[in-house]
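Next come the chains, spelled out residue by residue.
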Amino acid sequence: MADALSVIPASVLRNLSDKLYEKRKNAALDIEGIVKQLAAAGDHDKITAVINLLTTEFTYSPQANHRKGGLIGLAAATVGLTSEAAQHLEQIVPPVLNSFSDQDSRVRYYACEALYNIAKVVRGDFIVFFNQIFDALCKLSADSDANVQSAAHLLDRLVKDIVTESDQFSIEEFIPLLRERMNVLNPYVRQFLVGWITVLDSVPDIDMLGFLPDFLDGLFNMLSDSSHEIRQQADSALSEFLQEIKNSPSVDYGRMAEILVQRASSPDEFTRLTAITWINEFVKLGGDQLVPYYADILGAILPCISDKEEKIRVVARETNDELRAIKADPAEGFDIGSILSIARSELSSEWEATRIEALHWISTLLNRHRPEVLTYLDDIFDTLLKALSDSSDEVVLLVLEVHACIAKDPQHFRELVVFLVNKFRVDNSLLKKRGALIIRQLCVLLDAERVYRELSTILEGEADLDFACIMVQALNLILLTASELSGLRDLLKQSLVNPSGKDLFVCLYASWCHSPMAIISLCLLAQTYQHASSVIQSLVEEDINVKFLVQLDKLIRLLETPIFAYLRLQLLEPGRYIWLLKALYGLLMLLPQQSAAFKILRTRLKAVPSYSFNSEQLKRTSSGNPHSQMLNRMPSGQQITEDGDLNQDFSNLSLQNGINFASTLQLFEHMQRQHRMHSKSQSISRNSSISQSQVPDVSRPPSRSTRRGPGQLQL
C-alpha cells in the first residue's frame, strides 16, 4: 500500500472518494495516467499495489462514495494498462463483480459501468469469468432500479459481442447454469435468458443444438408469458433451433418428442402452435424415429385441426398430412390399433375438419394395412355407415372413399352400391344435392364401368318407377358431363365395333329404358343413330310432357359442348350419317318453336352442307319426311344400315355387332308402357282426392287452341 501511496498523490485519493462525480472522474483520469506510466516503465509491482489500494480501501469500503470511486478507479487502471491488463484481471474483476450485489443502486450502476470499460479493454481475456459475470447479469436484469437495468443491458450487449468473438467459451460449463434458471418466472430474467440462448445459437463454433433438450421445455414455458416481447423472443429462438435441426445430419428427435407432444395440448394458443410446428418438422425430418410416438402425436394434432386459431389449424393439418404420408411398418412398432381407435373416436367430433382427417386416417390404414384393419371392421363399420348422413359433403365423400376401399372385395362392393341406391331412394334430396358428387367419386375409386354396370343392374329391376327414372336421368347426365367418365364415353362410342363397348351399351340400355331422353342420349353417344331415330319415332303423346322437354333442352345444350364435337363433325358428311340427321330433325320436331333449344338445334342443322340423295336412299331412310332435302347422292350399289357402315347386308338392319336393336326397342317400349300405366294410376289417385274443380293437366303439352305465347314455356 505504501508503494501505491507513493505514486498516487493524496489529493487524487481524496477526490476519488468525493461525493461529486466530476471530482471522482478527474481523479480516475489521474490514476489512468499514473498506471500508464508505470506500465510503460514495466513496474507491475507498483501497479499491483495501486489495484490493491483501490480494492481494499475503496471498493470494500463501508462508504458508498468510496466504493463508487474504487470502481471507477479500477476501470481507469485497466484502461491505463491497455494490452497488459490481462495479467491483473484476477485482482480487478472480483471486486467489481462483488459490487453487483451492493445495497446502493448507484454503486451497482457504477459497477456495471466499470466492468463495461474493463471489458472493452481486455475483450476475450475476461472469458474465464464468464459464468460469474452471467450470473451477476442475470440478477441485474431484474434489478429494481431502472438505471441499473439500463446499464446492465449495455454491459450485456458488450459481453455477448465478446463471447461471439472468443474461442475460449465453454458451452459445457454454461449449460448447467442456464438450465437452473430456465424455470424462473421473472419476465426480465426470461428476456435475458432468451437473449443469451439466441446469441449463443448464432455462433457457428458453439453447439447449442446438442444441449437443446436441457432447456427446450423452459423455452416452451416462455411462450405463454404475459409479455408479448418475451413470447416473440422465445419463438424466435425456437425458430432458429428448428432451422439448425433441419440442417443437422444427426438429431435425437425422440428425446424431444415427449416434450412437444405435451406442449401440443397446452391451453396457451401460442405454445400449441409452436409445438405443432416443431412436430411437423420432426415428422418430415425424422419420421421413422418417431414411430413409437405416432399414436400420441395423432391424438394431439387431430383436435388442433379444428382449433379456433387459424394458424394452429393450418399447421396441425399439415402435420397430420406429413405423418400420414409416412409408410410405417407394424413390425417396427407401428400400432395400427391405437391409431385406428383414435381416428374412430374423432368421427364423433363436433368439428367437421377433425372428422375429415379421421376419415383420411382410416382410408390410409385400409390402403396400406388392409388385412390388419379389416380385423377391426366390426368396430368401425357402423360408425362409417352413420357418417354417410353427415351434414358435410366432404365427410360423405371421404366415407365413400373408405367404403370403396372396403368394397374392393366383390361382396362388399355390391353391398355398398345397394346401400347407396336405397339411401338415394329414401332421401331424394341426397340424390339431388350430392348424387353427382357421390357417383363421380365412386367411379374414380372403383372403376367407372364397374360402378355403372352394377347401378344399371340394380335399377333395371327397380320397383319404384319414379325413382328409377330420376336416378337414371341423374346417372345419364353424369355420364355425359363428368370428366371422370371420359373413358366410359370413349368405350360407348365404339359400341358398334368393339365387343366391350357393345356389352356396356346393352347393360346400360336395360335400365336407361326408364327415361326416354336417357336412351336417346345413350344412342347418340354410342353412335347408334338409326336406333335413336327409332326411339324418337316410338314416343307417344304421353311421353312428351314438360319433364321430357326439360330433359330434351339439356340434351340439345349438351350437343353444343366439346363432348359431342365428334357428332357435330359427322354432320359434315350428311350423306354418310343420314340417320344422325334424321334423329336430330326428329328432336327438332319435338321441341316447341319458341324455345331456345329449338333455335339452337335449328341453327346447327342449318350449318349442315346441302347435298342431295337418290330416291333409293330416300326410301330406305325415311318415310318421305320433308326435311330430306339434305340428302346426298351415293354411288349405285351401296347401302346404309347404321350411319357410316356401307355395303352391309340390308336384311340385317336390326342386328349390329351382336346388338339386337329390334329387341332393345321392344324393351324400351315395354318399359315406357309401364311408366305410362304408373303415371295414369297416380293421376287417378290424385283426382280421387281433389275437388271437382278443373285442374289443368300440366303433364301434357298445350293444344293449339291453348298454346302459350313465346317465352311462357320455361325449360
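Residues numbered from 1 in each chain as written. Predicted model: local features only at pLDDT ≥ 70, side-chain atom pairs only at ≥ 80, totals over all residues. Heavy atoms only, no water.

Scored by pLDDT, the chain has a mean of 83; 89% of the residues are at 70 or more. In this model residues 622-641 is a low-confidence stretch, pLDDT under 50, and it forms 59 contacts with partners more than four residues away in sequence or in other chains. (pLDDT = per-residue confidence, 0-100. Contact = heavy atoms within 4.5 Å.)

Take the environment of E310 next. Note that E310 resides in helix α17 (residues 310-325). Spatially, the C-alpha atom of E310 lies 9.8 Å from that of L273, the residues being 37 residues apart in sequence. (Helix = DSSP H or I, 4+ residues; strand = E, 2+ residues; numbered from the N terminus.)

Before going further, it helps to examine a negative patch on the surface. A cluster of acidic residues, D288, D329, E332 and E372, forms a negative patch on the protein surface. Looking at where D329 falls in the secondary structure, it is placed in the loop between α17 and α18 (336-346). (Patch = residues over 30% accessible without salt bridge, like charges linked within 9 Å, V, L, I, M, F, W, Y side chains within 5 Å. Areas by Shrake-Rupley, 256 points an atom, 1.4 Å probe, with all protein chains shown as cover. Salt bridge = Lys/Arg side-chain N within 4 Å of Asp/Glu carboxyl O. Lys, Arg positive; Asp, Glu negative; His and termini not counted. Charge placed at Lys NZ, Arg CZ, Asp CG, Glu CD.)

The gaps left among the atoms become clear once a water-sized probe is rolled over them. One pass over the full model with this rule turns up six cavities of 30 Å³ or more. Here the largest cavity defines a volume of roughly 100 Å³. Every residue lining the largest cavity is listed: Q473, N476, L477, L480, S515, M517, A518, S521, Q551, K554, L555 and L558. For the lining of the largest cavity, the elements supplying multiple residues, two or more each, are α26 (465-481), α29 (516-526) and α31 (546-558). For the lining of the largest cavity, the class distribution of residues is six nonpolar, five polar and one charged. (1 Å grid on protein atoms, 1.4 Å probe; cavity = no way out; pocket = protein on both sides within 12 Å on 5 of 7 lines; lining within 4 Å. Points joined across faces, edges and corners; volume = space filled by probe spheres on them. Nonpolar A, V, L, I, M, F, W, Y, C, P; charged D, E, K, R; others polar.)

For the rest of this paragraph, the subject is the pattern of salt bridges. As enumerated under the stated definition, the model contains 32 salt bridges in all. Close ionic contact of D102 with R67 constitutes a salt bridge, the shortest N to O distance being 2.7 Å. Of this pair, D102 sits in the loop between α6 (89-99) and α7 (105-122) while R67 sits in helix α5 (residues 64-81), and the two are 35 residues apart along the sequence. For D102, a relative accessible area of 14% puts it in the buried group. On the basis of relative accessibility, which here comes to 13%, the residue R67 falls in the buried class. Where R324 meets E357, a salt bridge forms, and the shortest distance between an N and an O atom there is 3.2 Å. Taken together, the positions of R324 in helix α17 and E357 in helix α19 (residues 352-368) put the pair 33 residues apart, joining distant regions of the chain. The class of R324 is buried, set by a relative accessible area of 11%. On the basis of relative accessible area, E357 is assigned to the buried category, the value being 6%. Here the salt bridges share partners, and the residues they tie into one network are D135, K139, E180 and R181. (Buried < 20%, exposed > 50% of the residue type's maximum accessible area, 1.4 Å probe, protein only.)

For helix α8 (residues 130-140), the full list of buried residues reads F130, I133, F134, A136, L137, C138 and L140. Of the surrounding secondary structure, the elements contacted by the buried residues of α8 are α6, α7, α9 (146-165), α10 (171-181) and α11 (187-201).

The next point concerns α5. Compared with an ideal rise of 1.5 Å per residue, which puts 18 residues at 26 Å, α5 spans 26 Å between its outermost C-alpha atoms and is within 8% of the ideal. Within α5, 14 of the 18 residues are buried, which leaves the element mostly enclosed by the surrounding structure. (Expected span 1.5 Å × (residues − 1).)

Here R67 takes part through its side chain, which lies 2.7 Å from a polar atom of the side chain of D102. Residues in contact with D102, not counting those within four places in the same chain, are R67, V107 and R108. (Polar contact = N/O pair within 3.5 Å; in protein donor to acceptor, adjacent residues only side chain to side chain.)

Here we take up the side chain of S456. The topology assignment puts S456 in helix α25 (residues 448-460). The buried category is assigned to S456, whose relative accessible area is 0%. Once you skip the residues sitting within four places of it in the chain, S456 turns out to touch C507, L508 and S511.

Our focus in this paragraph is the packing of helix α28 (residues 499-512) against helix α36 (residues 661-688). Their axes nearest at 9 Å, the elements α28 and α36 cross at an angle of 20°. Between α28 and α36, the angle falls in the class roughly parallel. Judged by the sense of rotation from one axis to the other, the crossing of α28 with α36 is left-handed. From α28, F505, Y509 and A510 reach across to α36, where they touch F661, T664, L665, L667, F668 and M671. When the residues that make up the contact of α28 with α36 are grouped by side-chain class, the tally is eight nonpolar, one polar and no charged. (Axes fitted to C-alpha atoms, helices over the stretch in contact; angles between N-to-C directions. Parallel < 35°, antiparallel > 145°, perpendicular 65-115°, else oblique. Left-handed = near helix turned anticlockwise from the far one by under 90°.)

What follows covers the environment of E269. Inspection of the secondary structure assignment puts E269 in helix α15 (residues 269-286). The class of E269 is partly exposed, set by a relative accessible area of 28%. Between the alpha carbons of E269 and S224 there is a distance of 8.2 Å; along the sequence they are 45 residues apart. What E269 contacts, discounting residues up to four positions off in sequence, is K308, E309 and I312.

The next subject is the packing of helix α16 (residues 294-304) against α18. Interhelical geometry of α16 versus α18 gives an angle of 15° and a closest axis separation of 9 Å. Considered as vectors, α16 and α18 are oriented roughly parallel to each other. Classified by chirality, the crossing of α18 by α16 is right-handed. Where α16 abuts α18, its residues Y294, A295, L298, G299, L302 and P303 lie against S338, I339, I342 and E346. Its residues placed into classes, the contact of α16 with α18 shows seven nonpolar, two polar and one charged.

With that out of the way, let us pick up the nonpolar core. W278 and Y452 are the most contacted members of the largest nonpolar core, which has 241 residues in total. A per-element tally of this core places helix α22 (residues 393-406) first, with ten residues. Discounting chain neighbours no more than four positions away, the residues touching W278 are L212, L216, F220, L238, F241, L242, I245 and L260. (Core = buried A, V, L, I, M, F, W, Y, C linked by side-chain atoms within 4.5 Å.)

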